[in-house]
Amino acid sequence: GWGKTEVRCYPHSFLWHYFGAVLYSLSGGSFFIIQLYQAAFLGQLLLVAYLLARSRGGVKTRSALVYLLLVASLPMTLIFSVAFYQDVPMTAQVLTAFYLLRKNRWILASFFLGLGLGLKVTAILFFPAFFICLMVWTYKKTSLARMVLVLTCSLVIVGGFTLGLSTSLQKYGQATFYPVIKVEQFMHQISQYFSTDAHAAVGGQQQQTVKVSVKVKSVVGERKAAIIANHPGDLHITRNFFIYGGGLLYLCLIGALLSVFFRCSDKASSTESRQSSFWLWATGLSYLIIVAVMLPDTPDARFFLPGLVFCMLPIAERVVRLPGQRWIVICITAVAVLQAGFALSKTYHLRQVGPELRQAIHYLEEHPLHPAKVFMYPEGNYRLFPVPHEWYLHYYLRDFWRADNDARIKTLQQFGIGAVVIKKNLIADVDSDITDLGVYPTWFVDDLRNDPRFIPLFENAQVVIYKVPTR
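Description of the structure in this document. Just so it is clear, the structure is predicted and the values come from calculations on it, not from any experiment.

Here we look at the side chain of D87
So, point 1. Structurally, D87 can be placed in helix α6 (residues 87-102).
So, point 2. Residue class for D87 comes out buried when judged on its relative accessible area of 0%.
So, point 3. Other than its neighbours up to four places away in sequence, D87 contacts K120, R302, F303 and L305.

Have a look at this one:
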């Protein structure tokens, strides 16, 4: 919106972006093509989900239908299939990898696992389960020697993907790839452990640590801000369990527990019952547990989606064992349609740039700011504004909220901000820890409204703009 190219260093998996860039170029800059490109991954996910459920007798038992409805109507699935997040594309590749592995097509499975890592780095959390399944399933069908050979070749394929991503990031982005760094650190620790002077090295590291600690303590009044970011799907907020998980998932989970408790079974489920669900639970839960352990402070809902997809299949297989299977499937279908419709409708409306917001953008175009920067929660529409924005204030946003207006004015001036843009739908009460970093606290808005130094430049039903004092 302000006539410049926004350049970012993105030291993470990047294949989604490059594939999308090629399509965007070939289509002459068509946004529709990119939206279709993102939706195609949902199609892949649902197709593979159906094939996996069918291979377990899911067509005969109707569990395939229930599984598809669970995956397709999950609000997370729909939201991230519309918004340009890589969680659904990565999940599609990982589920494809495990499906092919179950069919003993381990070469293709390894390629899809590597592709999953190329789309989103969290695919690496499936590596332990994948290689364990590879070893167990191959050993059962062949021999130990064959299993070792297959495992080695698969590791070479997946390792080649990983090292290729790392090399590209180092060469073109001057950045490091997190999985490779962690492996290098682990190998270094192993080599240190087995080296003859391991004890001396450990002692030297301890001395160095002590020196650093003393140096930090000697600096009086210095405080480095912790890195913060807004996580819309933060599961510390209870309502997000329902916003992103919907209601159908929990209803089916209750049904599955009832099925286990009452030991429900029927002849139609005999085909499915001969296939173990252990690997599905183990794969899904291992991923979910690792994510929960690694993200105790920021457990965003989207990071849990890939593991849930694996767990939902055995849940669906249990639900259809309840008495009155036909009516249960009809009710699940009705709830899924309603839930999916509401989620898509809400997503569509949230993405729209309404006339009120466009009025604010036009006002800033016709009345240039000095300095030409705004304090504003970005969302996707920040690109349409004629000036750049600032939000986290070098990660001191919480301190900014808690300060008085004198300190706030000083901070805004230091960052070269000419106006505060407040989106009224994002004004909300916050807790004492200010967990939600994607809203304007009510007290902050009241402080600006009651301070004559902040002159209102523009206001309508959705937006209000205040001029930042220059003195």
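Quick notes on the pattern of salt bridges
So, point 1. As enumerated under the stated definition, the model contains 10 salt bridges in all.
So, point 2. Note that R56 and E317 form a salt bridge whose closest N and O atoms lie 2.7 Å from each other. Pair noted here: R56 is in the loop between α2 (31-55) and α3 (58-61) and E317 is in helix α16 (residues 305-319), with a separation of 261 residues, a long-range link.
So, point 3. Classification of E317 as buried rests on a relative accessible area of 2%.
So, point 4. R449 is the partner of D446 in a salt bridge, and the nearest nitrogen-oxygen pair spans 3.1 Å. Remark: R449 and D446 occur in helix α21 (residues 442-449); sequence separation between them is three residues, near one turn of the helix.
So, point 5. Given the relative accessible area of 31%, D446 is considered partly exposed.
So, point 6. A cluster of three or more residues bridged by salt bridges with shared partners is formed by D87, K120, D300 and R302.

A short note on the packing of aromatic side chains
So, point 1. Under the counting rule described, the total for this entry stands at 30 aromatic pairs.
So, point 2. Pairing Y377 with W391 gives two aromatic rings, centres 5.3 Å apart and planes at 70°, and the pair type is edge-to-face. Of this pair, Y377 sits in the loop between β1 (374-375) and β2 (389-390) while W391 is found in the loop between β2 and α19 (397-402), placing the two residues 14 residues apart along the sequence. Pair check on accessibility: Y377 and W391 agree, each one buried.
So, point 3. Arranged with centres 5.7 Å apart and planes meeting at 55°, the rings of F400 and F444 form a pair that is tilted. Taken together, the positions of F400 in helix α19 and F444 in helix α21 put the pair 44 residues apart, joining distant regions of the chain. Of the two residues, F400 and F444, both sit in the buried class.
So, point 4. The ring of W137 has R102 lying over it, and the distance from NZ or CZ to the ring centre is 4.3 Å.
So, point 5. R351 extends its terminal NZ or CZ atom over the ring of F84, reaching a point 5.5 Å from the ring centre.

A closer look at helix α5 (residues 75-82)
So, point 1. Of all eight residues in α5, eight are buried; the element is thus mostly enclosed.
So, point 2. Among all positions in α5, only P75, M76, T77, L78, I79, F80, S81 and V82 are buried.

Brief notes about unusual backbone geometry
Among all residues except glycine, the phi angle is most often negative; among peptide bonds, the trans geometry is most common.
So, point 1. Cis rather than trans, the peptide bond between H370 and P371 has omega equal to 0°.
So, point 2. Note on placement: P371 falls in the loop between α18 (355-366) and β1.
So, point 3. A positive phi angle is found at N104, which is not glycine, with a value near 70°.
So, point 4. Looking at the secondary structure, you find N104 in the loop between α6 and α7 (106-119).
So, point 5. Although it is not a glycine, I434 adopts a positive phi angle of roughly 50°.
So, point 6. Along the chain, I434 falls in the loop between β4 (427-428) and β5 (440-441).

Focus: the pairing of strand β3 (residues 419-423)
The side chains of a regular strand alternate between both faces of the sheet.
So, point 1. Judged by how many residues are buried, β3 sits mostly within the fold: five of five residues are covered.
So, point 2. Note: β1 against β3, two bridges, orientation parallel. Looking at β3, one finds that F375 is bridged to V420.
So, point 3. Inspection of the sheet shows β3 paired to strand β7 (residues 463-467) by five bridges, in the antiparallel sense.

With respect to the sheet that holds β7
So, point 1. Strand order in the open sheet formed by five strands is β2-β1-β3-β7-β6, with mixed pairing between adjacent strands. The open sheet has two free edges, formed respectively by β2 and β6 (455-459), since each of these has just one partner strand.
So, point 2. With four bridges connecting them, β6 and β7 associate as antiparallel partners. Its bridge partner lying in β7, I455 is registered against K467.
So, point 3. Contacting β1, β3, β6 and β7, α18 crosses the sheet at an angle of about 25° to β7.

What to know about the nonpolar core
For soluble globular proteins, the rule of thumb is that nonpolar side chains tend to be buried together.
So, point 1. Residues Y67, L95 and F98 are the most contacted members of the largest nonpolar core, which totals 81 residues.
So, point 2. Among residues more than four places away in sequence, those in contact with L95 are L45, V48, A49, L52, Y67, V309 and F310.
So, point 3. Membership of the second largest hydrophobic core comes to 44 residues, among which are L357, L364, F385 and L426.

What about the state of the cysteines?
A disulfide bridge is the covalent bond that connects two cysteines by way of their sulfur atoms.
So, point 1. Tallying each qualifying case throughout the model produces zero disulfides.
So, point 2. C133 carries a free sulfur, and the closest cysteine sulfur to it, the one in C311, is 13 Å from it.
So, point 3. A relative accessible area of 9% places C133 in the buried class.

Re the environment of T122
So, point 1. Mapping T122 onto the fold places it in the loop between α7 and α8 (127-141).
So, point 2. The class of T122 is buried, set by a relative accessible area of 15%.
So, point 3. As for T122 and L149, which are separated by 27 residues in sequence, their C-alpha atoms are 27 Å apart.

Observations regarding a positive patch on the surface
So, point 1. Residues R54, R102, K103, R105, K140 and K141 make up a contiguous surface patch of positive charge.
So, point 2. Relative to the helices and strands, R54 is located in helix α2.

Reading the values: the criteria
- Residues numbered from 1 in each chain as written.
- Predicted model: local features only at pLDDT ≥ 70, side-chain atom pairs only at ≥ 80, totals over all residues.
- Heavy atoms only, no water.
- Helix = DSSP H or I, 4+ residues; strand = E, 2+ residues; numbered from the N terminus.
- Buried < 20%, exposed > 50% of the residue type's maximum accessible area, 1.4 Å probe, protein only.
- Contact = heavy atoms within 4.5 Å.
- Salt bridge = Lys/Arg side-chain N within 4 Å of Asp/Glu carboxyl O.
- Phe/Tyr/Trp six-rings, centres within 6.5 Å; stacked < 30°, edge-to-face > 60°.
- Lys NZ or Arg CZ within 6 Å of the ring centre and 35° of its normal.
- Pairing = 2+ DSSP bridges.
- Axes fitted to C-alpha atoms, helices over the stretch in contact; angles between N-to-C directions.
- Core = buried A, V, L, I, M, F, W, Y, C linked by side-chain atoms within 4.5 Å.
- Disulfide = S-S within 2.5 Å.
- Patch = residues over 30% accessible without salt bridge, like charges linked within 9 Å, V, L, I, M, F, W, Y side chains within 5 Å.
- Areas by Shrake-Rupley, 256 points an atom, 1.4 Å probe, with all protein chains shown as cover.
- Lys, Arg positive; Asp, Glu negative; His and termini not counted.
- Charge placed at Lys NZ, Arg CZ, Asp CG, Glu CD.

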